[in-house]
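These are the residues of each chain, in order.
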Amino acid sequence: MSQGTLFLIYQIILPIFLLVAAPGFLIKMRKRGGWKVSVWERFGRYSDRLNSTDLMIQAVSVGEGLIAMKVIEELRRADPDLTVTLAVGTATGRQMAELRAPSGVQVIYAPLDLPWMVSRCLAVIEPKAIAFIEGECWPNFTRQAAARGIPMSLLSARLSPGSASRYERFPAAANLLFGRLSFIGVPDDSSLAWWSLLKLNRPEFEVTGNIKFDPTEDSAPRRREKFEAILKPLFRGQKILIAVSTHPGEEVLIAEAARGLGLFPVLVPRHAERSAQVKSQLEALGWTVVRRSRVVGVCERSSSPHCLLIDSTGELRDWTAHADLAVVGKSFLAKGGQSPVEAILAGIPVITGPEMGNFKNLMKELVAAKGVTVVEGEALRAEFESFLDGDAQWGEQVLAARSVLERHRGATARSAERLKASLGS
């Protein structure tokens, strides 16, 4: 099938798909606070107050937005006057971006990939260069940007072996998505080998390292006074256990494994809108649950175990700076896993479940270096007891994990250099 035929099919199917998916999409946005900002931006209706920009970065989710922030900070160190538009795709991604975006960076919703919506976005923003994070390239967007002569880059380019195999069989699809890019930065040599199978028409490749894993100074978690103030009335001399980006059922699994061991659980659900449900589940088991947003006046000394539930967005990184041990969510009762990087940068030991497929390469390095502990859910309590006993392995694990991240040092700077070159062109 030719690229032109495939593009025509895409143009026919996409509007149908969007119509079918719209109700669920809008409900999800409402739950996650997406109505608090202009939802119409998703349909190409942007405020006249938006400015044209030097660089536009598309980063759909919270994780991709954090990668974008590292690149933006690196670029702005060299050129404080650089103007940037960060286009996100989720309500939580937008909340995080608006919380952390420095002056000179405007945050918008990326348009849906329909021709007139994309055209309106590009006409308003008028970027001199565009960068996509991890893989968010869309056919209409790249087609129109290429027609305007805007250079496009893909940073921290993710490509699983399964996706590479499918694209290899359908090169027209690969070129429809990635063939108009001028540069693709890949995290490691094995990723470069997979990308090379695609035989794309145009892009130049470079192994830049993984930006997400780059231990830059700005990426290190920092202790916050307001977090200390929240913890102080709750603290009873326990070690602090942080449960990172948990998915349904994992909050109960982790908290119950820690019950009675001298650990104080700080639970950070991946989606803050689940907080009420998580609170009810834990209270049914006898926990006194303090919500981060309602901490004032609820720190009475009850005899039941306490835990802190983080029901805010964009604060996970700095909460890890207050913890002694981390457990990574989406790895026990869901598949894919969440990032262990913030906890590693905070200098604390990390425990994950077996389902960390989204971080396969990193986990392979960490396991080989003995920089992470991987267990089934039922073994969590034994690992918590080992940690509290002060076994030497935990300190050694912290050093080993940090050495793995050091292999990616400089990835942000190398990626920023390529973007500066595209702006110059």
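In short, a report on the structure.

The rules we used
- Residues numbered from 1 in each chain as written.
- Predicted model: local features only at pLDDT ≥ 70, side-chain atom pairs only at ≥ 80, totals over all residues.
- Heavy atoms only, no water.
- Helix = DSSP H or I, 4+ residues; strand = E, 2+ residues; numbered from the N terminus.
- Buried < 20%, exposed > 50% of the residue type's maximum accessible area, 1.4 Å probe, protein only.
- Pairing = 2+ DSSP bridges.
- Axes fitted to C-alpha atoms, helices over the stretch in contact; angles between N-to-C directions.
- Contact = heavy atoms within 4.5 Å.
- Right-handed = clockwise from strand over helix to strand, strands pointing away.
- Salt bridge = Lys/Arg side-chain N within 4 Å of Asp/Glu carboxyl O.

Even without being glycine, Glu 126 reaches a positive phi, approximately 45°. Among the secondary structure elements, Glu 126 is positioned in the loop between α4 (115-125) and β4 (129-133). With phi around 50°, Ser 245 is a residue other than glycine that occupies positive phi space. The topology assignment puts Ser 245 in strand β8 (residues 239-246). Since its relative accessible area comes to 11%, Ser 245 is described here as buried.

Reading across the sheet, the seven strands line up as β3-β2-β1-β4-β5-β6-β7 and stay open at both edges, with parallel pairing between neighbours. Every interior strand has two partners, whereas the edge strands, β3 (105-109) and β7 (204-207), have only one. The mean inter-strand angle of the sheet, taken between neighbouring strand axes irrespective of direction, is 20°. Taken together, the four bridges between strand β6 (residues 183-186) and β7 define a ladder with parallel strand orientation. Among the inter-strand pairings, Gly 185 is bridged to a residue of β7, identified as Glu 206. The sheet strands contacting helix α5 (residues 139-147) are β1 (55-58), β4 and β5 (152-155), and the helix crosses β4 at an angle near 160°.

To continue, consider the pairing of β6. Residues of β6 alternate between two faces, with Phe 183 and Gly 185 on one and Ile 184 and Val 186 on the opposite face, all of them buried. In this structure, β5 lies alongside β6, joined through two bridges in parallel fashion. Looking at β6, one finds that Leu 154 is bridged to Ile 184. The β-α-β motif built from β6, the intervening helix α8 (residues 189-196) and the parallel element β7 has right-handed crossover chirality.

The final tally for this structure, using the stated rule, is 22 salt bridges. Linking Glu 98 and Arg 94 is a salt bridge whose minimum nitrogen-to-oxygen distance equals 3.1 Å. A residue pair is termed a helical-turn pair when its members lie 3 or 4 positions apart in one helix, as Glu 98 and Arg 94 do in helix α3 (residues 91-100) at four residues. The salt bridge partner of Arg 317 is Asp 318, with a shortest N-O separation of 3.3 Å. Asp 318 matches Arg 317 in its accessibility class, with the two residues each being buried.

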